[in-house]
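# Structure at a glance
Each chain, letter by letter, is given below.
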Amino acid sequence: MEYSIQELSRLSGVTTRTLRWYDQIGLLKPSRVAESGYRYYGGAEVDRLQDILYYRALGVELARIKECLDDPSFDRLAALRNHLAALEAERERLEQLIRSVKDTIGAEERNEIMSDEQKFEAFKQRAIAHNEKVYGAETRAKYGDKEVDDDYIARVKTQIRANELKSAQ
């Protein structure tokens, strides 16, 4: 199917001004431009716009998106799988924050005092995940898998004890 710039704008939620900008910077070229100057987009361009929007949703800059999509070795299926993994990780992070806010509201409403560990657990889990991603290989190489895993297990046990104390209240 072929879409005019207006139709693609309505379909995607991207403004025509943005589509023109993407054309100007070479990020999303129309499949054809009519003699009248109207831009038309085909299936490949629709797929590329979807990819652009996925990357934008993850906070990737336009120049970097262009590099990725223009790379001859670009694998759309692998990119989609990576997007899914990133979105699922973000969902988990948001769920942890929502649980933390709900727990805090509940404690406030019941006039209870939350443990300091409970107050920061959602933030700490994100920091642990970030540190594992960024420094995990270096830390494991320096201290060994067992020490790193034992430390993680100790943290999980602390969280379980905090949750048990919370449920007992």
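Rules used throughout
Chains are numbered independently. Their residues run from 1 in the order of the written sequence. A pLDDT threshold of at least 70 governs which residues receive local features in this predicted model, and a stricter bar of 80 or more applies before side-chain atom pairs are shown or counted, although totals over entire chains, interfaces and linings include all residues. Derived side-chain values reflect all non-hydrogen atoms in the structure, with water molecules and hydrogen atoms excluded from consideration. In this text, helices come from DSSP runs of H or I with a minimum length of four residues, and strands from runs of E with a minimum of two, each type numbered from the N-terminal end. Throughout, exposure labels follow a simple rule: accessible area from a 1.4 Å probe, protein chains only, divided by the maximum for the residue type, with under 20% read as buried, over 50% as exposed, and the rest as partly exposed. Here, two residues are considered to be in contact whenever any of their heavy atoms come within 4.5 Å of each other. Note on areas: Shrake-Rupley, 1.4 Å probe, and residue coverage restricted to the protein chains presented here. What a helix is expected to span follows from its residue count: subtract one and scale by 1.5 Å. Definition of a polar contact: a pair of N or O atoms within 3.5 Å, with one able to donate and the other able to accept a hydrogen when the atoms are protein atoms, and with sequence-neighbouring residues admitted only if both atoms are side-chain atoms. Take the buried residues of types Ala, Val, Leu, Ile, Met, Phe, Trp, Tyr and Cys, join any two whose side-chain atoms come within 4.5 Å, and each joined set is a nonpolar core. By definition here, a salt bridge exists when the distance from a side-chain nitrogen of Lys or Arg to a carboxyl oxygen of Asp or Glu is within 4 Å. Any Phe, Tyr or Trp ring, taking Trp's six-membered ring, that has another such ring centre within 6.5 Å forms a pair; planes under 30 degrees apart are called stacked, those over 60 apart edge-to-face, and the others tilted. A ring is scored as having a charge over it whenever the NZ atom of a lysine or the CZ atom of an arginine sits within 6 Å of its centre and within 35 degrees of its normal. To obtain an axis, a line is fitted to C-alpha atoms, over the contacting stretch when the element is a helix, and the angle between two such axes runs from 0 to 180 degrees between their N-to-C directions. Note that the term roughly parallel is reserved for angles under 35 degrees, roughly antiparallel for angles over 145, roughly perpendicular for angles of 65 to 115, and oblique for everything else. Two helices cross in a left-handed way if the nearer one is turned anticlockwise from the farther one by less than a right angle. They cross in a right-handed way if the turn is clockwise. Throughout this entry, Asp, Glu, Lys and Arg are counted as charged residues, while Ala, Val, Leu, Ile, Met, Phe, Trp, Tyr, Cys and Pro are counted as nonpolar. The remaining residues, Gly among them, count as polar.

## Here's the deal with the overall build of the protein chain
For the protein chain, the count of helices and strands is seven helices and three strands. N-terminal to C-terminal, the α/β element order of the protein chain is β-α-α-β-β-α-α-α-α-α. The proportion of buried residues among the 169 residues of the protein chain is 26%. Restricting the contact set of the protein chain to residue pairs at least 6 apart, pairs at least 24 apart contribute 50%. On the protein chain, roughly 12,200 Å² of surface is accessible, and the fraction owed to carbon and sulfur atoms is 53%.

## Focus: the environment of Leu-69
Tracing the backbone through its elements, the reader meets Leu-69 in helix 4 (residues 62-70). Of the residues examined, Leu-69 reaches a relative accessible area of 10% and is grouped as buried. With 21 residues separating them along the chain, Leu-69 and Arg-48 place their C-alpha atoms 7.9 Å apart. Aside from chain neighbours lying at most four places away, what touches Leu-69 is Arg-48, Asp-51, Ile-52, Tyr-55 and Phe-74.

## Structural notes on helix 5 (residues 76-109)
Given a rise of 1.5 Å per residue, 34 residues ought to cover 50 Å, and the 48 Å separating the end C-alpha atoms of helix 5 matches this to within 8%. Among all positions of helix 5, only Ala-79, His-83, Arg-93, Gln-96, Ser-100, Gly-106 and Ala-107 are buried. One side-chain oxygen at the N-terminal end of helix 5 lies 3.2 Å from the backbone nitrogen of Leu-77; it belongs to Asp-75. Following helix 5 by one or two positions, Asn-111 has its phi on the positive side, about 60°.

## Brief notes about the environment of Gln-96
Secondary-structure assignment places Gln-96 in helix 5. The class for Gln-96 is buried, based on a relative accessible area of 17%. It is 5.4 Å that separates the C-alpha atoms of Gln-96 and Ala-122, two residues lying 26 residues apart in sequence.

## What to know about the nonpolar core
Judged by nonpolar contacts, the single largest core of 17 residues is most densely connected at Leu-19, Leu-28, Leu-49, Ile-52, Tyr-55 and Ile-65. Aside from chain neighbours lying at most four places away, what touches Ile-52 is Tyr-22, Leu-27, Leu-28, Ile-65 and Leu-69.

## Observations regarding the pattern of salt bridges
The full count for this structure, using the stated rule, is 11 salt bridges. Linking Arg-39 and Asp-23 is a salt bridge whose minimum nitrogen-to-oxygen distance equals 2.8 Å. One end of the pair, Arg-39, is in strand 3 (residues 39-41); the other, Asp-23, is in helix 2 (residues 16-24), and 16 residues separate them in sequence. One salt bridge in this structure joins Asp-51 and Arg-76, with 2.9 Å as the shortest N-O distance. Of the two residues, Asp-51 sits in helix 3 (residues 43-57) while Arg-76 sits in helix 5, which places them 25 residues apart along the sequence. By sharing partners, the salt bridges in this structure join Asp-23, Lys-29 and Arg-39 into a single network.

## Things to note about the packing of aromatic side chains
Applying the stated criterion to the full structure yields zero aromatic pairs. Above the ring of Tyr-40, the side-chain terminus of Arg-32 is found at 4.3 Å from the ring centroid.

## Some points on the packing of helix 3 against helix 4
Where helix 3 contacts helix 4, the axes come no closer than 10 Å and their chain directions differ by 135°. By the criterion of interaxial angle, the relationship of helix 3 to helix 4 is oblique. For the crossing formed where helix 3 meets helix 4, the hand is right-handed. Touching Arg-48, Asp-51, Ile-52, Tyr-55 and Arg-56 of helix 3 are Leu-62, Ile-65, Cys-68, Leu-69 and Asp-70, all from helix 4. For the contact of helix 3 with helix 4, the residue count by class is six nonpolar, no polar and four charged.

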